[in-house]
Amino acid sequence: MTYLTEHLTFGPSTSSNENAGALPGPGSHLVISDCLASPATFTLYHLLQAAIGRRLPVIFIDIRGEGKKSLEAVLRRLGTAMPKSSEIFSYISPVSFPSTNVEAPEPCLFDEEGRHDLKPLYARIASRISDQDTLVILHGLSDIMSMGIPTQDVHRFVRAVDAAVRKASCILVTTLHADGLAEGSLTNDQVLLEKLLRSATAWWRVEELQSGRSGDVHGEISSHPLATNGNETSVPKSHPLQYRLEMNTVKVFAKGTGRGYL
Amino acid sequence: MPSFVKRTTASSNAPPAGTTPALSTSIPPLYLAPTGIPSLDDIFGGGMPLGNVWMVLTPDRHTNWSRIVERYWTARGLVDGQKGLVVGEKGEDIVRGCMWLDEARSESSARAGSESEGEEAGLKDVSALGENRPKIAWRYDGMKKFETGIGKGDRGELNLLKTIPQSTISSMEKQKIQRYIPLDPPNNIAGSSSLAWSIMSSVLSQIQALLHTHNDSQVLRITVHNLGDIFWGSPSSAQILRFIHSLRSMVRDRSASVLVAMPADLSRSPPTSARREGSDESASSSREWIKQLAWSVDACIELKGFGDDPTLPPVFHPLHGLLTVHSLPTTHHVLPPSYKHSSLLGLSTSTSTAGRGGGAGENNLGFRLGRKRFSVETVHLGIEGGQGERRTEPVPDTSLLSAGIERPAQQTSHETKLQSGQVDITTPGQKPSMSVPPDVSGKSDISGVKKRVKGVRFSAADDTPRDDGPEGRVKIRHDQMDLYEF
């Protein structure tokens, strides 16, 4: 059980496996949006811990390029060792400039003539999806769009991955930025978010505090089930959970109870 | 054989020269490269992690604060024996103007604290008193001196008064410790690529080739100068962000760090609409552009000088601009190390730094350029709420009085008292009252008003030396703010 399990569950935990409710059900699609001052990486760490704890295969597509070593170090801090086998933990870091590394070439988002091409990335993901209940994480969809790839193409790519994931009864998690969501401005990120929410089963919305950075509270998170038969925990935006990142864990608490009192 | 055997560290795991291990233990190990500015290292939680890309935005058109940060970044690497690479037009000029070590730094000047020479002089006086220093309340006696900055760091301080010797530059260039990548457009522009992307891909290819042969036991510091300006072929926002993404993936997990300096216009808004590609960029606003830039790198700060607004320097004296932290490095960490270790940010929740914030909101930060160094400090209003000089009475309007012009009827009570010339002076023994007759004829004797009585300064224009001896000190009476005690 990790720091978010008791607050944001996707169903009851069983006595045999306490991480059972920490992950969405097979064939579901969880969208996570975040803000610059409150990145949602801590939610990914929670999902990764839950999947590794249940010995589920993981495909982590690091579009943002935060690095495998960093991920390994963070998971170790949180008390979980990253599986060594690439069959269980598959790390894909697409590049935007053709790599000269011939030993382990990563899929490139652009072809040699500079045109965007998401097919190699999709092919790599599809080739790794084999087992049931595989956790597929697309981390950083906004970064693809910021490099000039149109929203429609990114949405088409996500729909293709989603279809492959549903077909194999796996779990899809996508992250993107939604900085202007509170302001109501219509950016590419917001357009993609709206499109994704039409087919997603749940949405975790991570936002910063309106008052700016704080040492006690690092942000707020609300959960919005989107599927009609979903049994996810609902945390409305009006009463969000607050969290505080610490060196080796994350504290999640009700609004205004950061230090254990109102 | 004993039960416990100390594991010897392999030589291959030794930190690269000029780096320090991260302040919190990390497996795999994380090493930090100092930026050259100790106060900026404090904000980043000890330095810039290797494999990271950080960005400096300087939206002020009239100054070029990013250049001094670039020079600190480059000079620090050269001092520590690291390799350097400057990408951009006239990169040699950046290196030639680098500051250098102050070898003759005295021990006394190594003391941490504010750079203000006036403040330091005053503190020296107090410390020199030793046992004879005045007694103050016990609860304040052991209190640490109020500081707006941090110490100068353990490493040799780079001094702005020193410039890197030309012989040193020549030697480093000859040994290929310091290299440059100029922005020459390639002869053959492939396919549908624009000029800007051709330049960028040429730069990326050269960096990739350099990293391919780079030994990770030595740190490579890359400085990208004015990314996206006219010398880069005026790229679109998508091309700029793609360049950064490519650069980031190249240096990730390598012993290299990159500083990207943005020009003033691109630090404020995205490239102009004429340069944009596709309709998706039309919705880009300035705020979204800054957010995109901050997301694209590991750490992003903004140095906004006061050059655009001449009213700000006196308000924020002695600062030269404000610093905004858009994003902080989080490599190998759940919590950004800056939150825990930075004194300047003031976000630490530990009790030891409670005085710096104690988990409350973020401090406002500014920067200043002294004679010897550039530093980041917290922004504070003065004791008097931002007024550098306290005026105890309004300056008489001599021009109006001498011209015989009557004051308007609507006056405050304070002004009325001054017009009547009534000044109450209290002494320990008596409360004399000096009365200056009001100017009825309109021919007021200003010199008489300026007349100095027992250390009382009646006018700001009084240029006679002030007697602030034990008898001449003026205090404000708290019961009546317009009376003064001597």
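Residues numbered from 1 in each chain as written. Chains lettered and ligands numbered in written order. Predicted model: local features only at pLDDT ≥ 70, side-chain atom pairs only at ≥ 80, totals over all residues. Heavy atoms only, no water.

Chain B goes by Elongator complex protein 4 in an unreviewed UniProt entry, where it is assigned to Kockovaella imperatae. According to UniProt, the comment filed for chain B under the heading Pathway (unreviewed entry) is "tRNA modification; 5-methoxycarbonylmethyl-2-thiouridine-tRNA biosynthesis." Under the Sequence similarities (unreviewed entry) heading, UniProt states for chain B: "Belongs to the ELP4 family." (UniProt positions renumbered as here; feature names shortened; annotations may be inferred.)

In the annotation of an unreviewed UniProt entry, the entry for chain A reads Elongator complex protein 5, and the organism field reads Kockovaella imperatae. UniProt annotates chain A under Pathway (unreviewed entry) with the comment "tRNA modification; 5-methoxycarbonylmethyl-2-thiouridine-tRNA biosynthesis."

## Here we look at the overall build of chain B
Tallying secondary structure elements over chain B gives 14 helices and 18 strands in all. Here chain B, with 486 residues, has 44% of them falling under the buried criterion. By sequence separation, contacts in chain B at least 24 residues apart represent 69% of the contacts at least 6 residues apart. Roughly 25,400 Å² of accessible area belongs to chain B as shown, and the carbon and sulfur atoms make up 53% of that amount. (Helix = DSSP H or I, 4+ residues; strand = E, 2+ residues; numbered from the N terminus. Buried < 20%, exposed > 50% of the residue type's maximum accessible area, 1.4 Å probe, protein only. Contact = heavy atoms within 4.5 Å. Areas by Shrake-Rupley, 256 points an atom, 1.4 Å probe, with all protein chains shown as cover.)

## Observations regarding the nonpolar core
Among the nonpolar cores identified, the biggest contains 86 residues, and L40, I43 and W54 of chain B are the most heavily contacted of them. The element contributing the most residues to this core is helix α1 (residues 41-53) of chain A, with eight residues. The contact partners of I43 of chain B, leaving out residues within four places of it in the chain, are L323, V325, L328, S338, S342, L344, L345, L365 and V376 of chain B. Core analysis: the second largest hydrophobic core is formed by 41 residues, L36 of chain A together with L85, M200 and V297 of chain B among them. (Core = buried A, V, L, I, M, F, W, Y, C linked by side-chain atoms within 4.5 Å.)

## Focus on the packing of aromatic side chains
One pass over the structure, following the stated rule, counts ten aromatic pairs over all chains. Here W232 of chain B and F243 of chain B contribute two aromatic rings whose centre-to-centre distance is 5.4 Å and whose plane-to-plane angle is 70°, an arrangement assigned as edge-to-face. Placement of W232 of chain B in the loop between β9 (220-224) and α8 (237-251) and of F243 of chain B in helix α8 is noted, with a sequence separation of eleven residues between them. F243 of chain B carries the same exposure label as W232 of chain B, and that label is buried. Over the face of the ring belonging to W73 of chain B we find R221 of chain B, whose NZ or CZ atom lies 4.4 Å from the ring centre. Over the aromatic face of F110 of chain A sits the side chain of R242 of chain B, whose NZ or CZ is 3.7 Å from the ring centroid. (Phe/Tyr/Trp six-rings, centres within 6.5 Å; stacked < 30°, edge-to-face > 60°. Lys NZ or Arg CZ within 6 Å of the ring centre and 35° of its normal.)

## Here we look at the sheet that holds strand β6 (residues 202-207) of chain A
Residues and elements named next belong to chain A. Spatially, β3-β2-β4-β5-β1-β6-β7-β8-β9 is the arrangement adopted by the nine strands of the open sheet, whose pairing is mixed. Pairing within the sheet leaves two strands with one partner each, and these edge strands are β3 (89-92) and β9 (250-254). Adjacent strand axes in the sheet meet at a mean angle of 20°, parallel and antiparallel pairs treated alike. Strand direction decides the pairing type here: strand β2 (residues 58-62) and β3, joined by four bridges, are parallel. If you follow I61 over to β3, its bridge partner there is I92. Lying on the sheet, α1 is in contact with β1 (29-34), β2, β3, β4 (135-139), β5 (171-177), β6, β7 (219-225), β8 (241-245) and β9; it crosses β4 at an angle near 165°. (Pairing = 2+ DSSP bridges. Axes fitted to C-alpha atoms, helices over the stretch in contact; angles between N-to-C directions.)

## So, the pairing of β1 of chain A
Residue and element names in this part refer to chain A. Most of β1 sits inside the fold, with six of its six residues counted as buried. Burial along β1 is two-sided: H29, V31 and S33 facing one way and L30, I32 and D34 facing the other are all buried. Here β1 pairs with β5 via six bridges, running parallel. Residue pairing across strands places V31 opposite T174, the latter belonging to β5. Bridge analysis of β1 against β6 gives four bridges, and the strand direction is parallel. Note that in β6 the partner of I32 across the bridge is W204.

## Considerations on the packing of helix α5 (residues 151-167) of chain A against helix α6 (residues 188-199) of chain A
Residue and element names in this part refer to chain A. Relative to each other, α5 and α6 sit at 25°, their axes nearing to 10 Å. With respect to α6, the axis of α5 lies roughly parallel. Helix-helix and strand crossings are classified by hand; for α5 and α6 the assignment is right-handed. Judged by residue contacts, T151, Q152, V154, H155, V158, D162 and R166 of α5 engage N188, V191, L192, K195, L196 and S199 from α6. Here the contact of α5 with α6 is composed, by residue class, of five nonpolar, five polar and three charged. (Parallel < 35°, antiparallel > 145°, perpendicular 65-115°, else oblique. Left-handed = near helix turned anticlockwise from the far one by under 90°. Nonpolar A, V, L, I, M, F, W, Y, C, P; charged D, E, K, R; others polar.)

## Examining the interface of chain A and chain B
Across the boundary between the two partners, chain A contributes 54 residues, which contact 49 residues of chain B. With both sides pooled, the region where chain A packs onto chain B buries about 4,400 Å², and carbon together with sulfur makes up 54% of that total. It is L36, F97 and R213 of chain A in chain A that bury the most area against chain B; as a group they hold 20% of the surface buried on that side. Taken together, the connections running from chain A to chain B amount to zero salt bridges. Listed by contribution, the elements that provide at least two residues to the side of chain A that touches chain B are α2 (68-77), α4 (141-146) and α5 of chain A. The element best represented in the side of chain A that touches chain B is α2 of chain A, accounting for eight residues. For the side of chain A that touches chain B, a count of residues per class yields 20 nonpolar, 18 polar and 16 charged. (Buried area = accessible area lost by both parts, 1.4 Å probe. Salt bridge = Lys/Arg side-chain N within 4 Å of Asp/Glu carboxyl O.)

## Side note on the pattern of salt bridges
All names here are of chain A. Under the definition given, this model contains 18 salt bridges over all chains. Across the salt bridge formed by D162 and R166, the nearest N and O atoms sit 3.3 Å from each other. In this pair, D162 and R166 are both assigned in helix α5, four residues apart and thus about one turn of the helix distant. By relative accessible area, D162 is classed as buried at 6%. Judged by relative accessible area, which is 36%, R166 ranks as partly exposed. A salt bridge links R244 to E246; its shortest N-O distance comes to 3.3 Å.

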